[in-house]
Amino acid sequence: MFYAIISEDKPGTLEQRLSARPEHLARLVALRDEGRLLVAGPHPAIDSEDPGPAGFTGSLVIAEFTSLEQAQSWADKDPYINAGVYQQVVVKPYKKVLP
């Protein structure tokens, strides 16, 4: 089943986000390579693909896991958590309908 991992950044953590980004992306690439990643990306703080110093307000990952517990465990190990970027992470089941 798919699970949505919805994360919210702490304000003022752009530098920490950029520093932890390579490790964060490596985990997403691994999910992709396993055929389990539906979509992933950040939420820009402003209406722009490149928000520059405005940074980001969080992230969305939708990926396949065998259970909610497995999805939560994966989310809990995100490098952005260790770097102090995320202030909240919500994991919930997701049912893909379209396309």
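Structure shown above.
Read on for a plain summary of the structure. Along each chain, residue indices are assigned from 1 in the same order as the chain's sequence is written. Totals for whole chains, interfaces and linings use every residue, but because this is a predicted model, local features are given only for residues with pLDDT of at least 70 and side-chain atom pairs only at 80 or more, for both listing and counting. Remark: hydrogens and water are excluded; side-chain values derive from all non-hydrogen atoms of the structure.

Looking now at the overall build of the protein. A run of DSSP states H or I qualifies as a helix once it reaches four residues; a run of E qualifies as a strand once it reaches two. Both are numbered from the N-terminal end. Helix and strand counts for the protein come out as 3 helices and 4 strands. We take the radius of gyration over the C-alpha atoms and set the globule estimate at 2.2 Å times the residue count to the 0.38 power. For the protein, the C-alpha radius of gyration of 13 Å lies close to 13 Å, the compact-globule estimate for 99 residues. Relative accessibility decides the category of a residue: with a 1.4 Å probe and only protein chains considered, values under 20% of the type maximum give buried, values over 50% give exposed, and everything between is partly exposed. Expressed as a percentage of the 99 residues in the protein, the buried residues total 29%. Restricting the contact set of the protein to residue pairs at least 6 apart, pairs at least 24 apart contribute 74%. A total of about 6100 Å² of accessible surface is found on the protein, and carbon and sulfur atoms cover 55% of it. Only four residue types enter the charge count, namely Lys and Arg as positive and Asp and Glu as negative; His and the chain termini do not. By convention, the point assigned to a charge is CZ for Arg, NZ for Lys, CD for Glu and CG for Asp. Taken together, the 10 basic and 13 acidic charged side chains of the protein have centroids lying 6 Å from each other. Residue contacts follow a heavy-atom distance rule, with two residues in contact if any of their heavy atoms lie within 4.5 Å. Computed with the Shrake-Rupley method and a 1.4 Å probe, the accessible areas treat only the protein chains shown as cover for residues.

To continue, consider the sheet that holds strand β3 (residues 56-64). Strand pairing is assigned whenever DSSP identifies at least 2 bridges connecting the two strands. With antiparallel pairing, 4 strands are arranged side by side in an open sheet as β2-β3-β1-β4. One side of each edge strand has no neighbouring strand; the edge strands of this open sheet are β2 (37-44) and β4 (86-94). Averaged over all pairs of adjacent strands, the angle between their axes in this sheet comes to 10 degrees, without regard to strand direction. In this structure, β2 lies alongside β3, joined through 7 bridges in antiparallel fashion. Directly across from A40, in β3, lies its bridge partner V61. To get an axis, a line is fitted to the C-alpha atoms, and for a helix only the part in contact is used. The angle between two axes follows their N-to-C directions and goes from 0 to 180 degrees. Along the sheet, helix α1 (residues 14-33) makes contact with β1 (2-9), β2, β3 and β4, crossing β3 at roughly 10 degrees. On the sheet, helix α2 (residues 68-76) packs against β1, β3 and β4 and is oriented at approximately 155 degrees with respect to β4.

Attention now moves to empty space enclosed by the protein. With a 1 Å grid laid over protein atoms only, a set of points is called a cavity when a 1.4 Å probe fits there but cannot get out and a pocket when it is open yet has protein on both sides within 12 Å along at least five of seven lines; lining residues have an atom within 4 Å of a point. Grid points are joined across faces, edges and corners, and a volume is the space filled by probe spheres set on the points. Enumeration according to the criterion identifies 1 cavity of 30 Å³ or more in this entry. Contributing to the lining of the largest cavity are I5, S7, H24, S59, V61, W74, A75, D78, Y86 and V89. Counting only elements with at least two residues in the lining of the largest cavity, the list comes to β1, β3, α2 and β4. Grouping the amino acids of the lining of the largest cavity by side-chain chemistry returns 6 nonpolar, 3 polar and 1 charged. Under the scheme applied here, ten amino acids are nonpolar (Ala, Val, Leu, Ile, Met, Phe, Trp, Tyr, Cys and Pro), four are charged (Asp, Glu, Lys and Arg), and all others, including Gly, are polar.

Considering only enclosed or pocket space, the largest pocket measures out at about 200 Å³ in volume. The wall of the largest pocket is formed by 14 residues, among which R17, R21, L25, P42 and Y80 lie closest to the centre. When contributions to the lining of the largest pocket are tallied by element, the ones reaching two or more residues are α1, β2 and β3. Counting residues per element, the lining of the largest pocket draws most heavily on α1, which supplies 6 residues. For the lining of the largest pocket, the per-class residue count stands at 9 nonpolar, 3 polar and 2 charged.

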